[in-house]
Amino acid sequence: MAKEAAVAAKKTTVKKKTAKKTTGKTKASNQKLVIVESPAKAKTIEKFLGKGYAVRASNGHLRDLPKSKIGVDVENNFEPEYTTIRGKAQLIKTLKDEAKKSSKVYLATDPDREGEAISWHIANILGLDPTDVSRIEFNEITKDAVTNAISHPRSIDMDRVDAQQARRVLDRLVGYKLSPLLWKKVRKGLSAGRVQSVAVKVIVDRENEIRNFKPEEFWTISASLKKDQQEFEAKYYGQGSKKAKLDMEKDAQAVLDAVKGADFVVSKVKSGTRKKNALPPFTTSFLQQSASGKLGFTAKKTMMLAQMLYEGVPLKDGNTVGLITYMRTDSTRVSAEAQEAALGHIRQTYGDEYAPAKPNVYKGRKNAQDAHEAIRPTYIENTPDSIKQYLTNDQYKLYKLIYTRFLASQMMPAQFETLSYDIDANGHTFKASGSRILFKGHLAIYDSKTEDDDQKMLPKAEEGETLECLGVTPKQNFTQPPARYTEAALIKFLEERGIGRPSTYAPIISTIQDRGYVHKEAKSFIPTELGEIVTDLMAKNFSDIVDIAFTADMEEKLDGVEQEGNDWKKVIEDFYGPFEKDLEAGEKNIERVKLPEKVSDVICEKCGANMVYKTGRFGEFLACPNYPECKNTKPIIKQIDVPCPKCGGKVVIKRAGKSGKSFYGCENYPNCDFVSWDKPLEEKCPECGAYMVEAKFRYGGKTYKKCSNPECVTNQKKKTDAKKEG
């Protein structure tokens, strides 16, 4: 009996323990897991969703094509071979563990093709059914947007996923097949790409246009006229209503002789009004173009700052707030709620006359991905100045640009009074025009400064009235070659012709500079000799890859995978057949290119030859031209205009070992051991007398001064300021 009682008691204990375990498991299974891409927004979203939700980040892609090989099975219908990205194994294990103890997993990656593909990869890794309604997306990181997304999950959009796979596989085939050929025929470290090679060719073609440009002489004539004490200028047009072209000085002189001493009589008066509509809210490419033109930001910097504003910035209460909607978009569409909020703010701040009766709607470009909105502020009440103290200087500038552009897009047109005169002088016609603003409209907040909106208004005159002529001045001119491409101009060119996608422009522009194909001079791109050689090789042997029409047509076919559900592997197959033949021909026919060497005035101390410039992993260096007999190399020493704080010698810029990161050191090393990661300055610290340095904030590239002495009170204060700013 005692034994039976003990067994019964043991069973009861086991049941209780099991019950406890089961209860614990049931309790844990009530958790819902939300997986986002970025850790920066995970905490914010978790706060929005509250108890019962765990939000974790994938840190971008978890798996991708391998780096060590092409990773596309060409013989097996271009099947991609995905592998886990190095360093992500532990993260995957953590996500799997979280998923096992969760009753539901929501995939909340970014709302674009790339985000859709990441969700699909995560679903495969976690063993989730892609057809399950677990995919959620939000265009802004606000509580309403996130909670609304949770209430409306959907299945993974496989057309979007296939569109991303098509681009990834196509770019891999082009890059991994062409680049080794360039290494063999030109030099190691080069690359080619479906969009980057076109971008370089566009820059090379423009440079050739400039070189081949032959300036032509032409002359202009202006008359300085006066009416009612107001002076204005009229430009020569021609004889009567026929426009004349003044090619040479003798042509201009003939006009001067004809109008000498003539009365300048108003022959035609035209007055009226014109309207100037507001520009649409920003798409990605327009944001990159405007930030380049107005703020001097590179596309890379613009996208980095926009990412920060989208993911959120801590404001006055310490809570992180997403300040703008998703920054990768080519849509000009705006939600009705955002329009109403903007109109309410406009009426309250500027007056009813500035708000249109119906919200302004803008037509998007052809093939625009309209899945989400234009780039706009998430909360219209977060005016740039009201949150300026919480932003870095560069964040503030970009946020203000986005905010004012959006608000202006919902305002009334600007109105101008216009006046123009045709003025006759002995049968020759001069023209003058002017305007003034009657109603600012959207210009009250956002001045595009692309038009001469501040023209001076002409004095009032009647037909038949004679004006006082103060003088007639000829001017010799010459036609100018086309301008080189700036970042903004290159982005505009690529987008208008359907080359690539706005989200790819920033990395492409970085790549073509990193490869040494182009460099910047006064904000304009100039092709290097290497860039021209590679472009010429590509044009002769792989004409389709660098052909604008072919590349744009391929982009449309890739869009068709997402928009029309076309077979992505068929698109790749149609491209790869001719491409493979070009590769085979290239291997046989392309001769090894010998790059011309740029000779320096530095003498090799080992053999006496003039050293030449070479390009390596970390930029240019000097090498002996007699390699391999002489293997002497030297770094290129760049000096700064600051004496060494220790010995008074010259400070030079050096590069650190494998990282290639720049630092500052004394030219007298090893006799002088001065070294600094921050740029030394000549000025001394007012507190301790140590030398000051120029340090950089972590984000945005902004610099600040600090004392080189880490114990200095001034330095401690600067650290605090830097933390607040950066």
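Heads up: the structure comes first, above all this text.
Everything numeric here is computed off the predicted structure, so don't read it as measured data.

1. Observations regarding helix H10 (residues 299-311)
Relative to the 18 Å expected for 13 residues at 1.5 Å per residue, H10 spans 18 Å between its end C-alpha atoms, a close match to the ideal helical length. Within H10, burial applies to Ala 299, Thr 302, Met 303, Leu 305, Ala 306, Gln 307, Met 308, Leu 309, Tyr 310 and Glu 311. Immediately downstream of H10, the backbone of Gly 312 shows phi near 125°, a positive value.

2. Some details on the nonpolar core
Soluble globular proteins: nonpolar side chains tend toward being buried together. Counting 134 residues, the largest nonpolar core has Val 34, Phe 138, Leu 178, Leu 323, Ile 324, Leu 398 and Phe 542 as the members making the most contacts within it. No other element matches the 10 residues that helix H6 (residues 158-185) contributes to this core. Look past the residues within four positions of Leu 178 in its chain and what remains in contact with it is Leu 173, Ala 192, Met 538, Phe 542, Ile 545, Phe 579 and Leu 583. Counting 25 residues, the second-largest nonpolar core is a separate cluster that includes Ala 234, Tyr 236, Val 266 and Leu 458.

3. Considerations on the sheet that holds strand S25 (residues 662-666)
An order of S23-S24-S25-S26 is seen for the four strands of this open sheet, with the pairing classed as antiparallel. The sheet is open, and its two borders are formed by strand S23 (638-643) and strand S26 (675-676), each paired with just one other strand.

4. Points about the pattern of salt bridges
For the coordinates displayed, the defined rule picks out 45 salt bridges. The shortest N-O distance in the salt bridge between Glu 79 and Lys 569 comes to 2.4 Å. Of the two residues, Glu 79 sits in strand S5 (residues 79-80) while Lys 569 sits in helix H17 (residues 568-589), which places them 490 residues apart along the sequence. Classification of Glu 79 by relative accessible area gives partly exposed; the value is 35%. By relative accessible area, which is 15% here, Lys 569 ends up buried. Across the salt bridge formed by Lys 227 and Asp 228, the nearest N and O atoms sit 2.8 Å from each other.

5. Brief notes about the pairing of strand S28 (residues 691-696)
Strand direction decides the pairing type here: strand S27 (residues 679-684) and S28, joined by three bridges, are antiparallel. Across the sheet, Pro 680 pairs through a bridge with Val 693, a residue of S28. Taken together, S27 and the strand that follows it, S28, pair antiparallel across an intervening segment of six residues, in which Gly 689 is found at a positive phi of about 85°. Across five bridges, S28 lies against strand S29 (residues 703-707) in antiparallel orientation. Bridging across to S29, Val 693 finds its partner in Lys 706.

6. Regarding the pairing of strand S8 (residues 217-227)
Pairing of S8 with strand S16 (residues 466-478) involves 10 bridges; the strand directions are antiparallel. In the strand pairing of S16, Thr 220 is matched with Lys 475. Where S8 meets strand S9 (residues 230-239), six bridges bridge the pair, whose relative direction is antiparallel. From the neighbouring strand, Ala 223 faces S9, where its bridge partner is Ala 234. The hairpin formed by S8 and S9 contains two residues between the paired strands, and Asp 228 there has a positive phi angle of roughly 50°.

7. Description of the packing of aromatic side chains
By the definition in use, this model includes 15 aromatic pairs. Taken together, a centroid distance of 5.7 Å and an interplanar angle of 70° make the contact between Tyr 485 and Phe 493 edge-to-face. With respect to class, Tyr 485 is no different from Phe 493; both count as buried. Taken together, a centroid distance of 5.7 Å and an interplanar angle of 75° make the contact between Phe 674 and Tyr 691 edge-to-face. Taken together, the positions of Phe 674 in the loop between S25 and S26 and Tyr 691 in strand S28 put the pair 17 residues apart, joining distant regions of the chain. Exposure class is identical for Phe 674 and Tyr 691. Each is buried. Among the aromatic residues, ring-to-ring pairing joins Phe 78, Phe 542, Phe 550, Phe 575, Tyr 576 and Phe 579 into one connected group. Stacked on the ring of Trp 120, the Lys or Arg Arg 63 has its end atom at 5.7 Å from the ring centre.

8. Brief notes about the side chain of His 61
Considering the arrangement of structural elements, one finds His 61 in the loop between strand S2 (53-57) and strand S3 (63-64). There is a polar contact of 2.8 Å between the side chain of His 61 and the side chain of Glu 114. When near neighbours in sequence (up to four residues on either side) are disregarded, His 61 contacts Ile 85, Lys 88, Glu 114, Ile 118, His 121 and Gln 164.

9. Considerations on the packing of helix H13 (residues 487-496) against helix H14 (residues 502-514)
The geometry of H13 relative to H14 is characterised by a closest axis approach of 11 Å and an angle of 125° between their N-to-C directions. The pairing of H13 with H14 is recorded here as oblique in orientation. Crossing hand, H13 versus H14: right-handed. Residues Glu 487, Leu 490, Ile 491, Leu 494 and Glu 495 of H13 lie in contact with H14, whose contacting residues are Pro 502, Tyr 505, Ile 509 and Gln 513.

10. As for H13
Within H13, seven of the 10 residues are buried, which leaves it mostly tucked inside the rest of the structure. Those residues of H13 that fall on the buried side of the exposure criterion are Glu 487, Ala 488, Leu 490, Ile 491, Phe 493, Leu 494 and Glu 495. Two residues or fewer past H13, Gly 498 is found with a positive phi of approximately 70°.

11. Quick notes on the sheet that holds strand S1 (residues 32-36)
If you walk across this open sheet you meet the three strands as S2-S1-S7, and the pairing is parallel. The strands lining the two open edges of the sheet, one partner per strand, are S2 and strand S7 (104-107). Taking each pair of neighbouring strands and ignoring which way they run, the sheet shows an average axis angle of 20°. Sheet analysis places S1 next to S2, joined by five bridges and oriented parallel. Across the sheet, Lys 32 pairs through a bridge with Tyr 53, a residue of S2. Where helix H2 (residues 39-49) meets the sheet, it contacts S1 and S2, and its direction lies at approximately 170° from that of S2.

Rules behind the numbers
Residues numbered from 1 in each chain as written. Predicted model: local features only at pLDDT ≥ 70, side-chain atom pairs only at ≥ 80, totals over all residues. Heavy atoms only, no water. Helix = DSSP H or I, 4+ residues; strand = E, 2+ residues; numbered from the N terminus. Expected span 1.5 Å × (residues − 1). Buried < 20%, exposed > 50% of the residue type's maximum accessible area, 1.4 Å probe, protein only. Core = buried A, V, L, I, M, F, W, Y, C linked by side-chain atoms within 4.5 Å. Contact = heavy atoms within 4.5 Å. Pairing = 2+ DSSP bridges. Salt bridge = Lys/Arg side-chain N within 4 Å of Asp/Glu carboxyl O. Phe/Tyr/Trp six-rings, centres within 6.5 Å; stacked < 30°, edge-to-face > 60°. Lys NZ or Arg CZ within 6 Å of the ring centre and 35° of its normal. Polar contact = N/O pair within 3.5 Å; in protein donor to acceptor, adjacent residues only side chain to side chain. Axes fitted to C-alpha atoms, helices over the stretch in contact; angles between N-to-C directions. Parallel < 35°, antiparallel > 145°, perpendicular 65-115°, else oblique. Left-handed = near helix turned anticlockwise from the far one by under 90°.

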